[in-house]
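# Coordinate analysis (summary)
Take a look at the letters that make up each chain.
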Amino acid sequence: MHYSQDFKTAATALCNAGRFIDSKGWVPATSGNFSARLQDGTIAITTSGKHKGYLQVDDIMLIDADANSLDGKKPSAETILHTFLYKRLPDVHAILHPHSINAILVSRLFRDEIILEDYELLKALHGITTHETRITIPIFANDQDIPRLASQVERYLDTVNDCYGYIIAGHGLYTWGVSVPEALRHLEALDYLFDCELRLHGARKP
């Protein structure tokens, strides 16, 4: 299949993101999945079963907006958790889903959500200009029925104006941005803030 330059650029960005995320220990084994929406509405997304720290461009596949493969490669079972967000959030062009320890611990310590407020680093998130800010990251129960999980997240999004990500309990974080670099910045900031809250609540020693 002939891939566009737009796809190749996005695939390279996802591979680079994978190496950075792996260097943090946030995608052990073959966990996680990453995607980027292209200018024509198609989506570059990691294929199933690949270690994210060793991604090559050939490990990125092309799907349509309904999660159908356009190049014969096999997508992750969680692909629709990407596609429904792209349909709902037109400004979003990148989604990252790692399995970081901090996100897992947050889901064990907090019940339905974690509140992050009065941190300077909140200004790393799109549109936030002051530390005097309060954001909520919801936590959803893990579910092997991915369409059902997607519907649950979508119902939550119906109730809020802004959302920077969500946690699947015992599983990992989903976060997004207008580009791969912005989504990566959001990921790094959120993981740091999760760490702050975990230490504050005594789940982790400094």
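Refer to the structure presented above.
So, a few notes on the structure that sits alongside this text. (Residues numbered from 1 in each chain as written. Predicted model: local features only at pLDDT ≥ 70, side-chain atom pairs only at ≥ 80, totals over all residues. Heavy atoms only, no water.)

Where charged atoms of side chains with opposite charge meet at close range, the side chains can pair. Summed over the entire model, instances satisfying the criterion amount to twelve salt bridges. With a shortest N-O distance of 2.5 Å, K87 and D66 are connected by a salt bridge. With K87 in helix α2 (residues 79–88) and D66 in the loop between β3 (60–63) and α2, this pair connects stretches of sequence that are 21 residues apart. According to the relative accessible area criterion, D66 is partly exposed, its value standing at 48%. Note that R185 and E182 form a salt bridge whose closest N and O atoms lie 3.6 Å from each other. Separated by three residues within a single helix, R185 and E182 lie in helix α5 (residues 180–200), roughly one turn from each other. Overall, the relative accessible area of 37% leaves R185 in the partly exposed class. Linked by salt bridges that have partners in common, R88, E154 and D158 make up one network. (Salt bridge = Lys/Arg side-chain N within 4 Å of Asp/Glu carboxyl O. Helix = DSSP H or I, 4+ residues; strand = E, 2+ residues; numbered from the N terminus. Buried < 20%, exposed > 50% of the residue type's maximum accessible area, 1.4 Å probe, protein only.)

Let's shift gears to the sheet that holds strand β7 (residues 165–168). Across the sheet, eight strands lie side by side as β3-β2-β1-β4-β8-β7-β6-β5; this open sheet has mixed pairing. Each edge of the open sheet is held by one strand with a lone partner, namely β3 and β5 (113–117). Sheet twist, expressed as the mean angle between neighbouring strand axes with direction ignored, is 20°. Pairing between β7 and strand β8 (residues 172–177): four bridges, direction antiparallel. The residue of β8 that forms the bridge with G165 is T175. Sitting on the sheet, helix α4 (residues 146–157) touches β6 (134–140) and β7, and the angle it makes with β6 is about 155°. Sheet strands touched by α5: β1 (33–37), β4 (94–97), β5, β6, β7 and β8. Its angle to β8, the strand with the most contacts, is close to 140°. (Pairing = 2+ DSSP bridges. Axes fitted to C-alpha atoms, helices over the stretch in contact; angles between N-to-C directions. Contact = heavy atoms within 4.5 Å.)

Take it as geometry only, folks, not as evidence of what the structure does.
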